[in-house]
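# Survey of secondary and tertiary structure
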Amino acid sequence: MSTVIYLNGEYLPLEKATVSVEERGFLFADGIYEVLRLYRGHPFQLEAHLQRLRRSAQGARLPLPQAVPDLPAIIERLAAENDLHDTSIYIECTRGAAHPRTHAFPAEPHPTLLVMPQSIYTLPADAFTRGVSTVTVPDLRWRRCDIKSIMLLPNILAKQQAREQGAFEAIFVRDGVVTEGSSMNTFAVIDGTLATHPADQGILAGITRQVVLALAAELGIAIGEQTFTLEQMYNAQEAFLTSTSAEVLPITQIDGRPIGNGRPGPVTMRLVEAFRQKTGGWR
Ligand code: PMP
């Protein structure tokens, strides 16, 4: 049975869903997106994702389609029609098709709204217990990484480079400072404090990042939303990544060097467990 998706007011099979070649998402990457997760059929942190969608739209001066307030109902219907329990939901909103192709906004935009289930990408079974390796790449992105734009070429090139170097994730470094991963936020335990880049325009304010910071506070872990250098990360006691898809994922290697003793650290594992309890888990 083919997956039913939502596109501009219609529910239809994935293969039947098409957009125009003049779609500005296709021609200019003129759009924004969200990825959220269902655990046992229920959206996790739905309101936070919708708020970020609105913030991204504002940053991109994108008129949100009228159906955006209906997103909770659309997601519920897609979950029911596709019998989904543990899955990702991809939402994309673009400035729509316009003629002729010209950079400036169309006078009368017809924004596109797509909502599409995506299977959860599965990590190696031992990723949470053994950790993953990472490599660093220069952060060549624009300075509005807080907008969740579909313009992801630097992230794609970074992730591909990591894979070609046998690593799981690429970590961006700008002026010697660790910003975030190509699709995940980055945390390090430095001198006993859990550090992560502040949620400014240099990174995407991850929803998982926010949940993990709240869990760390509840657990009495010292937190510093402050930048740290690559040198500090090399010497960190522990490090981990966070994202909707990967949850909390220990980093045990960076640029071929072990982090700490080369095994997931105790603070990381407490947060892996606390996060699993918060979501209720999916396996
Ligand atoms: N940073 C970047 C660049 C990302 O693409 C993502 C995932 N979309 C994240 C961080 C993590 O955000 P979240 O926890 O909301 O999935």
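Now for a description of the structure that goes with this document. (Residues numbered from 1 in each chain as written. Predicted model: local features only at pLDDT ≥ 70, side-chain atom pairs only at ≥ 80, totals over all residues. Heavy atoms only, no water.)

## Re the packing of helix α2 (residues 46–59) against helix α3 (residues 71–81)
- The geometry of α2 relative to α3 is characterised by a closest axis approach of 11 Å and an angle of 125 degrees between their N-to-C directions. Between α2 and α3, the angle falls in the class oblique. Of the two elements, α2 crosses α3, and the hand of that crossing is right-handed. Here α2 contributes Leu-46, Leu-50 and Leu-53 to the contact with α3, which in turn contributes Leu-71, Pro-72 and Ile-75. (Axes fitted to C-alpha atoms, helices over the stretch in contact; angles between N-to-C directions. Helix = DSSP H or I, 4+ residues; strand = E, 2+ residues; numbered from the N terminus. Parallel < 35°, antiparallel > 145°, perpendicular 65-115°, else oblique. Left-handed = near helix turned anticlockwise from the far one by under 90°. Contact = heavy atoms within 4.5 Å.)

## A word on the packing of aromatic side chains
- In the structure shown here, the tally under the stated rule is five aromatic pairs.
- Note on Tyr-6 and Tyr-11: the rings are 5.3 Å apart at their centroids and 70 degrees apart in plane angle, and the pair reads as edge-to-face.
- The exposure class of Tyr-6 is buried, given its relative accessible area of 6%.
- Exposure remark for Tyr-11: the relative accessible area of 23% places this residue in the partly exposed category.
- Ring geometry for Phe-187 and Phe-240: centres 4.7 Å apart, planes at 10 degrees, overall stacked. Here the residue Phe-187 occupies a position in strand β10 (residues 185–190), and Phe-240 occupies one in strand β13 (residues 238–243), the gap between them amounting to 53 residues. There is no split in this pair, since Phe-187 and Phe-240 are both buried. (Phe/Tyr/Trp six-rings, centres within 6.5 Å; stacked < 30°, edge-to-face > 60°. Buried < 20%, exposed > 50% of the residue type's maximum accessible area, 1.4 Å probe, protein only.)

## Quick word on the packing of helix α6 (residues 207–218) against helix α8 (residues 266–279)
- Orientation of α6 relative to α8, taken along the N-to-C sense of each, is 110 degrees, at an axis distance of 10 Å. It follows from the interaxial angle that α6 and α8 lie roughly perpendicular. Along the contact surface, α6 presents Thr-208, Val-211, Val-212, Leu-215 and Ala-216, while α8 presents Leu-271, Ala-274, Phe-275 and Lys-278.

## A look at a nonpolar patch on the surface
- A surface patch of nonpolar side chains, about 320 Å² in accessible area, is lined by Val-21, Phe-26 and Leu-27.
- Relative to the assigned elements, Phe-26 resides in helix α1 (residues 24–28). (Patch = residues over 30% accessible without salt bridge, like charges linked within 9 Å, V, L, I, M, F, W, Y side chains within 5 Å. Areas by Shrake-Rupley, 256 points an atom, 1.4 Å probe, with all protein chains shown as cover. Salt bridge = Lys/Arg side-chain N within 4 Å of Asp/Glu carboxyl O.)

## Brief notes about empty space enclosed by the protein
- Taken as a whole and assessed by the stated rule, the structure comprises one cavity of 30 Å³ or more.
- Of the volumes computed, that of the largest cavity is approximately 60 Å³.
- What lines the largest cavity is Arg-37, Tyr-39, Phe-44, Gln-45, His-49, Ile-207, Thr-208, Thr-244 and Phe-275.
- Sorting the residues of the lining of the largest cavity by element identifies β3 (31–39) and α6 as the ones contributing at least two each.
- Classifying every residue of the lining of the largest cavity by side-chain character gives four nonpolar, four polar and one charged. (1 Å grid on protein atoms, 1.4 Å probe; cavity = no way out; pocket = protein on both sides within 12 Å on 5 of 7 lines; lining within 4 Å. Points joined across faces, edges and corners; volume = space filled by probe spheres on them. Nonpolar A, V, L, I, M, F, W, Y, C, P; charged D, E, K, R; others polar.)

## Focus: unusual backbone geometry
- Here His-99 and Pro-100 are connected by a cis peptide whose omega angle stands at -5 degrees.
- Summarising the element assignment, Pro-100 is placed in the loop between β5 (87–94) and β6 (112–118).
- In this structure, Arg-61 takes a positive phi of about 50 degrees despite not being glycine.
- Here Arg-61 lies in the loop between α2 and α3.

## What to know about α8
- Helix length check: α8 (14 residues) gives 20 Å between terminal C-alpha atoms against 20 Å at 1.5 Å per residue, within 8%.
- Every buried residue of α8 is accounted for by Val-267, Thr-268, Leu-271, Val-272, Ala-274, Phe-275 and Thr-279.
- Gly-280 sits one or two residues past α8 and shows a positive phi near 85 degrees. (Expected span 1.5 Å × (residues − 1).)

## Points about the site of the ligand
- For the ligand, the set of nearby residues contains 17 residues, the closest of which are Arg-52, Lys-148, Glu-180, Thr-208 and Thr-244.
- At 2.7 Å from a nitrogen atom of the ligand is found a side-chain nitrogen or oxygen belonging to Glu-180.
- One nitrogen or oxygen atom from the side chain of Thr-244 is found 2.6 Å from an oxygen atom belonging to the ligand.
- Look at the ligand: alone it shows 400 Å² of surface, and the protein chains cover 94% of it.
- According to the grid-proximity analysis, the pocket containing the ligand is the largest pocket.
- Listed by contribution, the elements that provide at least two residues to the shell around the ligand are β9 (177–181), α6 and β13.
- For the shell around the ligand, the residue count by class is four nonpolar, 10 polar and three charged. (Near = heavy atom within 4 Å. Polar contact = N/O pair within 3.5 Å; in protein donor to acceptor, adjacent residues only side chain to side chain. Sits in = over half its atoms within 2 Å of the grid points.)

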